[in-house]
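# Observations on chain architecture
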Amino acid sequence: MEEHRARVARWAGVLDDLERQTERLETQLDGAGGDGGDLPVLTWSGPAEEGSMPPELAARARALQERQHALIDRLEQAQASNARHLQAVRELDERGPAGPVYIDTTG
């Protein structure tokens, strides 16, 4: 029983860390005006030494997974938006500088 409690505590710590990282990325994406800004690249792999996740943490892990999938969707939308903006800028550069828009006829 003590080993099970220790495993639950270790996995709860893993989920705590993932939730903090997810929250930090959500906050950064919100602060970047939704365009992704300079978000860090984070990698993660499950802790092999912790064994399988205890069933009592499954609902928490699923909720975190849903948050991360929503974050991935937002990041993909931001990436697509940034690609469209970059393409528009490139097209403007290809045209060269625009000529005068107004002619001063009074002065």
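Report follows, based on the coordinates. Going along each chain's sequence as written, the residues are numbered from 1 onward. Per-residue local features are limited, in this predicted model, to residues with pLDDT of at least 70; the limit for side-chain atom pairs, both in listing and counting, is 80 or more; totals at the level of whole chains, interfaces and linings are taken over all residues. Excluding hydrogens and water, the side-chain values take into account all heavy atoms of the structure.

## Regarding the overall build of the chain
Put simply, DSSP H or I for four residues or longer makes a helix, DSSP E for two residues or longer makes a strand, and each gets a number counted from the N terminus. Looking only at helices and strands, the chain features 2 helices and 0 strands. Here, Shrake-Rupley sampling with a 1.4 Å probe gives the accessible areas, and only protein chains in the shown set may cover a residue. Total accessible area computed for the chain in this model is approximately 8,200 Å², and 54% of it derives from carbon and sulfur atoms.

## Comments concerning the nonpolar core
Side chains of nonpolar character tend, in soluble globular proteins, to be buried together. In this text, buried Ala, Val, Leu, Ile, Met, Phe, Trp, Tyr and Cys residues form a nonpolar core when linked through side-chain atoms within 4.5 Å. Accessibility here uses a 1.4 Å probe with only protein chains present; expressed as a share of the type maximum, an area under 20% marks a residue as buried, one over 50% as exposed, and anything in between as partly exposed. Membership of the largest hydrophobic core is limited to 8 residues, which are Val8, Trp11, Val14, Leu15, Leu18, Leu57, Ala61 and Leu64. Of all the elements in the fold, those that place two or more residues in this core are α1 (2–31) and α2 (58–95). The element best represented in this core is α1, accounting for 5 residues. The contact definition used throughout considers only heavy atoms, calling two residues in contact when any of these lie within 4.5 Å. Aside from chain neighbours lying at most four places away, what touches Leu15 is Met53, Leu57, Arg60, Ala61 and Leu64.

## Digging into the environment of Val8
Among the secondary structure elements, Val8 is positioned in helix α1. Along the backbone, Val8 and Glu50 are 42 residues apart, and their C-alpha atoms lie at a distance of 9.2 Å. Non-local contacts of Val8, meaning those with residues more than four positions away in its chain, are made with Pro54, Glu56 and Leu57.

Remember, this is a structural readout, not a statement about activity or role.
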